[in-house]
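Chain by chain, the residues:
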Amino acid sequence: MEKLRQQLDELLNRLERADEIRSQLQELISIYPFSEFEYIISHLLSAGKLSIEEYYDIRNSYIDRNLYLYLFEISAPRGFGEIWAHGHLKELVPALQRPSKKIDPEYSDQYDFIHPPRIRIEVKTSRAVESGRDEPLYIKALSSDSTKPFDMNFQQIKPRYCDVFVWIAAWRDVIRYWVIPSSEVENNPYYSKGQHRGNVGEGQLHLTHENIHKFDRYLVKPNELEKAIQKAFKREQKLRLQSNSPARSRRRNP
């Protein structure tokens, strides 16, 4: 919105009555789909100061910058975190299966997907919004190149119940994916154990503008998610073997 507002304000200078229109905008009442943007564009087009080609350029660049803005309009957390995100991930990795006791006799809603034959996957999601603003999500939604502060809190993380985590985060213009072995989440310095009192083995992790770059090695392109899941699972198996090795046990219990 900020870039569009800046673009249109600069274009207003083409009009002879630019200051007058700016004053009118202060009093303008907007009701969807009529807004300040439509008001400015209609004046520019009417005065012949904005070509239809320029209008299309503004329109297309705005769409590109806000391709995933609709995700910030999903008000219910489960609507975004489960309904959208799970369906989105299943489209990217069709081999994923919904777990059940038939597939895993010990299953009891501990994780979200299973990748044949036995990779247990937990999905965590969040949206990048500007911190410290008490406004609707779609208003404070951030672009991927924004320098404003954000805090994406991945909650109810339970490393002991899955093999691999898939984190999905949305910005206005991009969706990013991280694939991480569960042991590396549990031992990460940003992982905070004990999110809720009495919930043993559960924690949370804050991904912020200050620490997000430290997770770059887990970033995965959408068309590489399945291979990344399989690779992370193999690493998780090695980490578990190392943690259960006799030498490691002796170090823990001298």
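As a further point, take the layout of surface pockets. Considering only enclosed or pocket space, the second largest pocket measures out at about 850 Å³ in volume. Lining the second largest pocket are 29 residues, with Pro77, Gly81, Lys124, Thr125 and Gln156 positioned closest to its centre. For the lining of the second largest pocket, the secondary structure elements donating two or more residues are helix 5 (77–92), strand 2 (119–127) and strand 3 (151–157). Looking at the lining of the second largest pocket, its residues break down into 9 nonpolar, 10 polar and 10 charged.

Centre-to-centre distance and the angle between the planes together describe a pair of aromatic rings. Summed over all chains, the structure comprises 7 aromatic pairs. Consider the rings of Phe80 and Trp84, whose centres lie 5.4 Å apart with planes at 5°: the pair is stacked. Taken together, the positions of Phe80 and Trp84, both in helix 5 and 4 residues apart, correspond to about one turn of that helix. Of the two residues, Phe80 and Trp84, both sit in the buried class. Here Trp167 and Phe215 contribute two aromatic rings whose centre-to-centre distance is 5.8 Å and whose plane-to-plane angle is 50°, an arrangement assigned as tilted. With a gap of 48 residues between them, Trp167 in strand 4 (residues 164–170) and Phe215 in the loop between strand 7 (203–208) and strand 8 (219–220) connect regions that are remote in the sequence. Across the pair, Phe215 and Trp167 agree in class, each one buried. Following the ring pairs from residue to residue traces out a cluster consisting of Phe154, Trp167, Tyr190 and Phe215.

A few words now on the pattern of salt bridges. Counted according to the given criterion, the structure contains 16 salt bridges. Glu184 serves as the salt-bridge partner of Arg217, at 3.3 Å between the closest nitrogen and oxygen. Remark: Glu184 occurs in helix 7 (residues 182–186) and Arg217 occurs in the loop between strand 7 and strand 8; sequence separation between them is 33 residues. For Arg217, a relative accessible area of 60% gives the class exposed. The class for Glu184 is buried, based on a relative accessible area of 11%. Ionic contacts of the salt-bridge type, sharing partners, join the residues Arg120, Asp163, Glu236 and Arg240 into one network.

Within a sheet, adjacent strands bond to each other through the backbone by hydrogen bonds, running parallel or antiparallel. The sheet built from 3 strands is open, its strands ordered 3-7-6 with antiparallel pairing. The open sheet terminates on both sides in strands that have one partner only, identified here as strand 3 and strand 6 (191–193). Going from strand to strand, the sheet's axes swing by 20° on average, the running direction of each strand aside. Of the strand pairs in this sheet, strand 6 and strand 7 are connected by 3 bridges, and their pairing is antiparallel. In the strand pairing of strand 7, Ser192 is matched with Gln204.

This paragraph deals with the sheet that holds strand 2. With mixed pairing, the 5 strands of this open sheet are ordered in space as 1-2-4-5-8. Of all strands in the sheet, those with a lone pairing partner are strand 1 (113–115) and strand 8, marking the two edges. For strand 5 (residues 175–181) and strand 8, the ladder comprises 2 bridges, and the chain directions are antiparallel. What sits directly across from Tyr177, in strand 8, is Val220.

With respect to the helices and strands, the residue Asp163 is situated in the loop between strand 3 and strand 4. For Asp163, the side chain forms a polar contact with the main-chain nitrogen of Arg120, separated by 2.8 Å. Separated by 3.0 Å, the side chains of Asp163 and Arg240 make a polar contact.

Under the 1.5 Å per step criterion, the end-to-end length of helix 4 (residues 52–65) is 20 Å for 14 residues, consistent within 8% with the ideal 20 Å. Listing the buried residues of helix 4 in full gives Ile58, Tyr62 and Arg65. One side of helix 4 holds all its buried residues, which, seen down the axis, span an arc of 65°. Summarising the geometry of helix 4, the exposed residues directed more than 90 degrees from the buried face are Glu53, Asp57 and Asp64. Where helix 4 is buried, its residues contact helix 1 (2–12).

Conventions we followed
- Residues numbered from 1 in each chain as written.
- Predicted model: local features only at pLDDT ≥ 70, side-chain atom pairs only at ≥ 80, totals over all residues.
- Heavy atoms only, no water.
- 1 Å grid on protein atoms, 1.4 Å probe; cavity = no way out; pocket = protein on both sides within 12 Å on 5 of 7 lines; lining within 4 Å.
- Points joined across faces, edges and corners; volume = space filled by probe spheres on them.
- Helix = DSSP H or I, 4+ residues; strand = E, 2+ residues; numbered from the N terminus.
- Nonpolar A, V, L, I, M, F, W, Y, C, P; charged D, E, K, R; others polar.
- Phe/Tyr/Trp six-rings, centres within 6.5 Å; stacked < 30°, edge-to-face > 60°.
- Buried < 20%, exposed > 50% of the residue type's maximum accessible area, 1.4 Å probe, protein only.
- Salt bridge = Lys/Arg side-chain N within 4 Å of Asp/Glu carboxyl O.
- Pairing = 2+ DSSP bridges.
- Axes fitted to C-alpha atoms, helices over the stretch in contact; angles between N-to-C directions.
- Polar contact = N/O pair within 3.5 Å; in protein donor to acceptor, adjacent residues only side chain to side chain.
- Expected span 1.5 Å × (residues − 1).
- Arc of directions from axis to C-beta.
- Contact = heavy atoms within 4.5 Å.

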